[in-house]
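Chain residues, written in single-letter form:
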Amino acid sequence: MAYKDPENTLVLETTKGTVAIELYPDLAPGHVARIKELAREGAYDGVVFHRVIDGFMAQTGDVKFGKQGGSSFNPSRAGMGGSDKPDLKAEFTNTKHVRGTCSMARSQNPNSANSQFYICFADAPWLDRQYSVWGQVIEGMDNVDKIKRGEPVTDPDSITSAKIAADI
């Protein structure tokens, strides 16, 4: 597939198929830089979708406890970790959380996003201006819809590889 801006397109190969995400460096430059850095390091490869709520979102990106085959992989702790990089400063915007929006997960602290993110299954206006939106699914939303649900998920789906389209 030819992407409009390969340097700002994240291609996730998942256990349900390919998902392409247009990155928004103009909206969330720090978050986009982190996503690209982690993808290029292979940090997201093997990471499970640990929290998937029907009609809401699929959350992934715990590169510490959620990475299958990783030294700290612990399915019961998936969702409690991040990367070894510092947390990010919030980059909240007026961009709406709609179907296919990709945004960073965080704790109560607005400046606590690190590596975890979620993809919205449906519009979620209550998240607007409270989470850093960094991208939008442009291909493969039907594959996101197939991700196994659960909180936590039993035998979860995962990201088999995460790459920047320019590197493929």
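As annotated in an unreviewed UniProt entry, the protein chain carries the name Peptidyl-prolyl cis-trans isomerase and is attributed to Pseudochrobactrum saccharolyticum. Quoted straight from UniProt, the Catalytic activity (unreviewed entry) entry for the protein chain says "[protein]-peptidylproline (omega=180) = [protein]-peptidylproline (omega=0)". On record in UniProt, under Function (unreviewed entry), the comment for the protein chain is "PPIases accelerate the folding of proteins. It catalyzes the cis-trans isomerization of proline imidic peptide bonds in oligopeptides."

### Some remarks on the pattern of salt bridges
All chains considered together, the criterion is met by eleven salt bridges. Put simply, arginine 40 and glutamate 7 hold a salt bridge, and the shortest N to O gap is 2.9 Å. Of this pair, arginine 40 sits in helix 1 (residues 29-41) while glutamate 7 is found in the segment before strand 1 (9-14), placing the two residues 33 residues apart along the sequence. As a salt-bridge pair, arginine 99 and aspartate 145 come within 2.6 Å of each other at their nearest N and O atoms. Of the two residues, arginine 99 is situated in the loop between strand 4 (57-60) and strand 5 (101-104) and aspartate 145 in helix 2 (residues 141-145); the sequence distance between them amounts to 46 residues.

### Topic: the nonpolar core
Counting residues in hydrophobic clusters, the biggest one holds 33 residues, and the most contacted among them are Leu10, Ile21, Phe117 and Trp134. By size, the runner-up hydrophobic cluster in this structure holds seven residues, among which are Met57, Tyr118, Cys120 and Leu127.

### Some remarks on the environment of alanine 39
Along the polypeptide, alanine 39 turns up in helix 1. As a C-alpha pair, alanine 39 and leucine 12 span 27 residues in sequence and 9.3 Å in three-dimensional space. Those residues in contact with alanine 39, other than ones at most four positions away along the chain, are Leu10, Tyr44, Ala162 and Ile164.

Calculation rules
- Residues numbered from 1 in each chain as written.
- Predicted model: local features only at pLDDT ≥ 70, side-chain atom pairs only at ≥ 80, totals over all residues.
- Heavy atoms only, no water.
- UniProt positions renumbered as here; feature names shortened; annotations may be inferred.
- Salt bridge = Lys/Arg side-chain N within 4 Å of Asp/Glu carboxyl O.
- Helix = DSSP H or I, 4+ residues; strand = E, 2+ residues; numbered from the N terminus.
- Core = buried A, V, L, I, M, F, W, Y, C linked by side-chain atoms within 4.5 Å.
- Buried < 20%, exposed > 50% of the residue type's maximum accessible area, 1.4 Å probe, protein only.
- Contact = heavy atoms within 4.5 Å.

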